[in-house]
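# Report on the structure
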Amino acid sequence: MNTSNKSTHRVRPLFKRLAALALVVGVAVTAGVTAIAHTAGGGGWHHGGRAMTAADMDAHVDEMLQHIYSEIDVTDAQKAQIDPLVKQAVAECAPLHERFRAAHVDMLALFGADRIDRDAIERVRSENMRLADEVTQRVARLVGDVADVLTPEQRKALVARITQMHAEAHE
């Protein structure tokens, strides 16, 4: 794969990776990386081929949290602290997905126009970068908040698990 394809491959699933990271780390443990959103505008939050509702997302977050909790031996007291952190982060990031999707639609329309408006393309790109910055700031805050709840051993175990998941995903 050439360099430009690698760059496109990394940018396209940006929102998915950030949101999944938020889950994985926010659950101690959540983030952008396995579960939630598709790329910046690339299709929506899906589950079994259909768009996820808020209830679907809540259930998915709960399921992921329980799975991660069991893998790193999170206590009930830690769960009580982490659950609201993750759910709040997911709730705050969810509306951004629609804005990414709208930007994707706008970019396609600009690309397909008879006359290319480079200024408009740059405005859409710039807005996407601003949204990505907003998401990454929220994820960084979640990572720090969850890190404060977990022990160093739990954090190391989670890092090992996430590293393993990434390696399996790229095989």
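Since this is a predicted model, take the numbers as computed values, not measurements.

On to helix H4 (residues 76-112), then. Taking 1.5 Å per residue as the helical rise, H4 with its 37 residues ought to reach 54 Å, and the 53 Å between its terminal C-alpha atoms agrees with that figure. When H4 is considered as a whole, its buried residues turn out to be Gln78, Ile82, Asp83, Val86, Ala89, Val90, Cys93, Leu96, His97, Phe100, Ala103 and Leu110.

Across the chain, pLDDT averages 78, with 70% of residues at or above 70. Taking the mean pLDDT of every element in the chain, the minimum, 44, falls on strand E1 (residues 46-47) and the maximum, 95, on helix H5 (residues 118-149). Throughout residues 6-12 the model reports pLDDT below 50, and contacts reaching past four residues in sequence, or to other chains, amount to six contacts. Note that pLDDT drops below 50 for residues 14-47; the model gives that stretch 148 contacts with residues more than four away or on any other chain.

Summed over all chains, the structure comprises ten salt bridges. Of the charged contacts in the structure, one is a salt bridge between Arg99 and Glu127, with a shortest N-O distance of 3.6 Å. With Arg99 in helix H4 and Glu127 in helix H5, this residue pair connects regions lying 28 residues apart in the sequence. Residue class for Arg99 comes out partly exposed when judged on its relative accessible area of 35%. The partner of Arg130 in a salt bridge is Glu134, with the nearest N and O atoms 3.1 Å apart. Of this pair, Arg130 and Glu134 are both found in helix H5, four residues apart, which corresponds to roughly one turn of the helix. The class for Arg130 is partly exposed, based on a relative accessible area of 39%. Taken together, the shared-partner salt bridges connect Arg99, Glu127, Arg130 and Glu134 into one network.

Quick notes on the rules
Residues numbered from 1 in each chain as written. Predicted model: local features only at pLDDT ≥ 70, side-chain atom pairs only at ≥ 80, totals over all residues. Heavy atoms only, no water. Helix = DSSP H or I, 4+ residues; strand = E, 2+ residues; numbered from the N terminus. Expected span 1.5 Å × (residues − 1). Buried < 20%, exposed > 50% of the residue type's maximum accessible area, 1.4 Å probe, protein only. pLDDT = per-residue confidence, 0-100. Contact = heavy atoms within 4.5 Å. Salt bridge = Lys/Arg side-chain N within 4 Å of Asp/Glu carboxyl O.

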